Structures are given as structure tokens and as C-alpha cells.
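What follows is the residue order along each chain.
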Amino acid sequence: MFTSRIGFFSLLADTGPVVLFVLAVLLLFSVLSWTIIITKAASIKKASSDSRRFLDYFFDVSNIDKVFGETENYRNGSIARVFRAGYIEYRALGDLKDVRKSEDRIARAIRREANEETRSLARYVPFLATVGNTAPFIGLFGTVWGIMNSFLSIGVTQSASLATVAPGIAEALVATAAGLAAAIPSVIAYNYFTQQINAIERDIEDFSGEFVKSFVNELR
Amino acid sequence: MNRPDERNKQNRLFFSAFALSVLLHVLILAGGLYLQYLSTVKRPRLKTVDVTLVTLPGPGSPSISRMPSVEPPLPETPELPPDPEPEPEPRKPEKPAVAVEPEKPIKQVPKKKPVEKPKPKKPVKKKLQELEKKVKQDQPSEFERTLARLERKVQQGPPSDLYKRTGPGGIGRGEGAYGAPMSPYERYLSKIAMIIQRHWSFTPHLIREKGGIEAYVALTVQPGGTVSDITFDRNSSSRYFDDTVLKAIEKASPFPPVPGEVSGTALRIGLVFTPKGIE
């Protein structure tokens, strides 16, 4: 395919099946991690921006029914969803006059929704950490295997010249390069998403109490 | 909020992200392939630039200035005079042909002559210029001159008696005198040649001309073996080749001491270096 033996892709032409398998695994890892990166980047951005806008609206308007009507516009906001869950529970109370019991039920509903939100935001994110941690090692495995083979070829050809050794080592190092290429974006994205999810989680915790209080005030 | 709807939405987002990711990887791989293709397309140009002119000395190169015996402007001068001469000749017979027939017009002839004289000069000049151009065109090119020089060198033979060998074959190639016993001088010479050969390394690919490369080097070996007064009696046409020869001699020195049976004083020896070995 290539007249020149210099270059990333011409190196692949002579690699062994193990190194090729390692490269295929790393490519799959990379594709999946980028899929998760794109998905999470979109959903987390939407969740945090909608939550912020909803909170602004919530503190501007004191009427709970009005706020609930407006939550449709902030469907992706995590805090808006938590509020909706609390409101639905508040409406389901019906004629229950016991304020403490009502407060418990609303608080429980809000906590449940908050957990669900956190779980859905953090879904697939640990895979990024897995790729970040294992991809360099998988690449290293391919490299070790390739270097092993190149040393074997030195024994077969009985020549330790650079021309004999260098291509084998270069082929083997492709695996490490691929491993790092898969791992670096994954680690960066994992750290960023974890920090963003933690921030949203903290916001939900902080405002859950506020929501419960507003529903209890309505009951009184 | 409707959970199944939410799931469907998330799944749709995931699959579109997967497609985008695959596309991204395909684009990166295609970009890498294209870059490699570009680098392979550009590489041959570098090769042509790399062709050295070390072995083809031009008229202004120092290797020519080192060779005093070679100066070929001689063939240019003999060609010029014979060509312009025959031209004025055919016009001279025309004049007597006009002058012989009538007697009266003889007086008119001298009047016409001064008018006619400048006329033939111009075409002669023009033709001279044309001839000069032709001569210039016929002149050998740099390459041809170099080849001629090499041929002359080969025909000339060794420049001095230092390079005459009593036995056939080369020293450095291990060819003896076909069973004939070697003289102590020859033995010492072959020893030195072998030592130099061991220290001599050059890349034959850097020399274009395969034939006619010979460097005649004379050097003085002191009784102790130290080398002095290395001179090129005749350079090869490749400066690179000459340099490698000089380096080899410098690396190989000092030589083993000159045996007493060969010479009691400093010994002046001549060696012929060719790409095949030392002779």
C-alpha cells in the first residue's frame, strides 16, 4: 500500500495479530469514550444551564403553581425536575392535614428524584475512568508483545543492526501511542464531568430544603 | 415527567453521539493517511536534491586548480583560423573575371572596389560570428571535458617510478606475484597497503564515475615508521575519494618501522588508490 516504510499507517502493515487486536480494542475504547464525552457534554451542559435559569425564576415568583407551570420550559434542568417531583407529591397529599407527615413525604419524593438525577447524570462516566486507567496499560501490553517479537526476529536474522531492530520497536510503540491517545481525552473528560456533576448534586441538595419549606408554607 | 420518553431521548442522543464519534475517528484516520500520502509524494524531490556534484568538478572548482597538467583550451584555437580563410577566396576569382573581359572598365573597377570592399567585410564578420557560435556549440561540455581528462589520465600511466611494481596485481588485494618470492621492499609495501586498507572507508555510492578513479599518492616513511610529506602526484576526479584516501593514511600512521634491509633512511613510496583497493 505504501512505497515508504516511514509513517504511522505503513508501520501497521507489518504488525502481528496481537498488536492488531490491541489496536482494535483501543480504537473501540476510543470510539466509546468519545461517544460518552459527546453525550455527557451535551446533557450536563443542558442540566446545569436549565437549573440555573429555573432557580432564577423560582426566586422571582412566590406562587408554587405558577412555578410548576413554568417547569415545562426547563425540562432538562435537574433542579426543575426535583421541584416537579416535590410538587406532584404535594398535590398527591390531598386532604392530609398532618404537616409533619406531609413534609416527610415531600422530602422523600424530592430525595428520590435527586438520587435519580444524579444517577442519570453520572451514567457511563465511570467508563471514562476505566479507559483512562486501562488504555495505557493495554497499549503497553501491545508494545511489550511487539518488542518481544522484534527481539525474536533479531535472533532469527542474527543481526542487531538498527535496520533490523528499529522497525519492530516502532511498530510496537504504535500500540502505546494509541493507548495514550485513547486515555488522555478520557481522563480529562472524566475529571471535568465529575466536577460538574458534583456541582449539580450540591445545588440539588442545597435547594431541596428550600423546596420542602415552600411546600410546607403552602400547606399552612 | 414521562420516563420512557426520557429514555428514548437519551438513547437517541447516545446513538447520534456514537455516529459522530465514529465519523470523528474515520476523519482522523483519513487525515493521517492523507498526510502520509503527501509525505511520500514529497520525498522523491529530496532525493534529487541529494545528488552530489562532488565527483564532477567544474571549471572553477578547486580540484581542477590542483591539477596543473590538465588545460584543454588548445583545440579551440586551431579550429578558428582555417574556417574564415576559405570564404574570402571564392570572391577573389570573381574580380579578375570582371577585369579580364573589357579594358575600359578597368578604370571603373578601382572606383567600385572601395565600395565593394566594405560590403564583403560585413558578411565576413557575420560569418565569423556564426562560426564562433558554431565552434562554441561544438565545444565539449563540462562532462565531456571531464571524461576526456580521465581518458588522458588513464593513457598517461603512472606519474613516476614510485608506482612501478615488479610483481603483477595489486598490493591491497592480496594478489602475490604468483608464487614468486617477494622482495623485502614489496613485502613492506604490501604491509603498509594492508594497514591503510584497514583504516580506509568510503561510500562507493557517492562516486558517480565507476571507472578511471585513481589517486596516485606519494608519501615518505621515516625509519621509525612516522609518515610525512604526503603528496598527491595525481588526484582522482572525485574530491571525496581523495579526502578519504588522505584520512586513511593519517589514521593508519605511524606505520611499522622500515626494515633495515629495505632502507636505512627515510623511504619514499608511492601508492595507487582505486575504488577496488590499493595497488
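The coordinates are above.
What counts, and where the lines are drawn
Residues numbered from 1 in each chain as written. Chains lettered and ligands numbered in written order. Predicted model: local features only at pLDDT ≥ 70, side-chain atom pairs only at ≥ 80, totals over all residues. Heavy atoms only, no water. Salt bridge = Lys/Arg side-chain N within 4 Å of Asp/Glu carboxyl O. Helix = DSSP H or I, 4+ residues; strand = E, 2+ residues; numbered from the N terminus. Buried < 20%, exposed > 50% of the residue type's maximum accessible area, 1.4 Å probe, protein only. Phe/Tyr/Trp six-rings, centres within 6.5 Å; stacked < 30°, edge-to-face > 60°. Lys NZ or Arg CZ within 6 Å of the ring centre and 35° of its normal. Pairing = 2+ DSSP bridges. Contact = heavy atoms within 4.5 Å.

(A) Representation of the pattern of salt bridges in the model. Residue and element names in this part refer to chain A. Following the criterion strictly, the structure yields eight salt bridges over all chains and no others. Here arginine 81 and glutamate 117 are joined by a salt bridge, their closest N and O atoms 2.6 Å apart. In this pair, arginine 81 is assigned in helix α4 (residues 78-92) and glutamate 117 in helix α5 (residues 99-122), connecting sequence segments 36 residues apart. Both residues of the pair, arginine 81 and glutamate 117, belong to the buried class. Here arginine 119 and glutamate 116 are joined by a salt bridge, their closest N and O atoms 3.1 Å apart. Taken as a pair, arginine 119 and glutamate 116 lie in helix α5 at a separation of three residues, close to a single helical turn.

(B) Fine view of the packing of aromatic side chains. What the rule picks out here adds up to 16 aromatic pairs over all chains. Between A:Phe141 and A:Trp145 the ring centres are 6.0 Å apart and the planes differ by 50 degrees, which places this aromatic pair in the tilted class. Residue A:Phe141 and its partner A:Trp145 are both found in helix α6 (residues 125-157); the two are separated by four residues, about one turn of the helix. When its relative accessible area of 45% is taken as the criterion, A:Phe141 is described as partly exposed. What makes A:Trp145 partly exposed here is its relative accessible area of 31%. Linked through ring pairs, A:Phe54, A:Phe58, A:Phe59, A:Phe68, A:Tyr74, A:Phe83, A:Tyr87, A:Tyr90 and A:Phe207 together constitute an aromatic cluster. When the ring centre of B:Tyr216 is taken as origin, the NZ or CZ atom of B:Arg234, which lies over that ring, is 4.9 Å away.

(C) Spatial organisation of the pairing of strand β3 (residues 267-274) of chain B. All names here are of chain B. When you tally the buried positions in β3, you get seven out of eight residues, the bulk of the element. In terms of strand pairing, strand β1 (residues 215-221) meets β3 through seven bridges, oriented antiparallel. For threonine 220, the partnering residue across the bridge sits in β3 and is arginine 268. Relative to strand β4 (residues 277-278), β3 runs antiparallel, the two sharing two bridges. Among the inter-strand pairings, threonine 274 is bridged to a residue of β4, identified as glycine 277.

(D) View of the side chain of A:Ser30. Inspection of the secondary structure assignment puts A:Ser30 in helix α2 (residues 17-60). Take A:Ser30: its relative accessible area is 9%, and that puts it in the buried class. Setting aside anything within four residues of it in sequence, one finds A:Ser30 in contact with A:Ala182, B:Ser21 and B:His25.

(E) Seen up close, the side chain of A:Thr118. Residues and elements named next belong to chain A. By the element assignment, threonine 118 lies in helix α5. Relative accessible area serves as the criterion here: at 17%, threonine 118 is assigned to the buried category. Those residues in contact with threonine 118 that lie beyond four places of it in its chain are Ile197 and Glu201.

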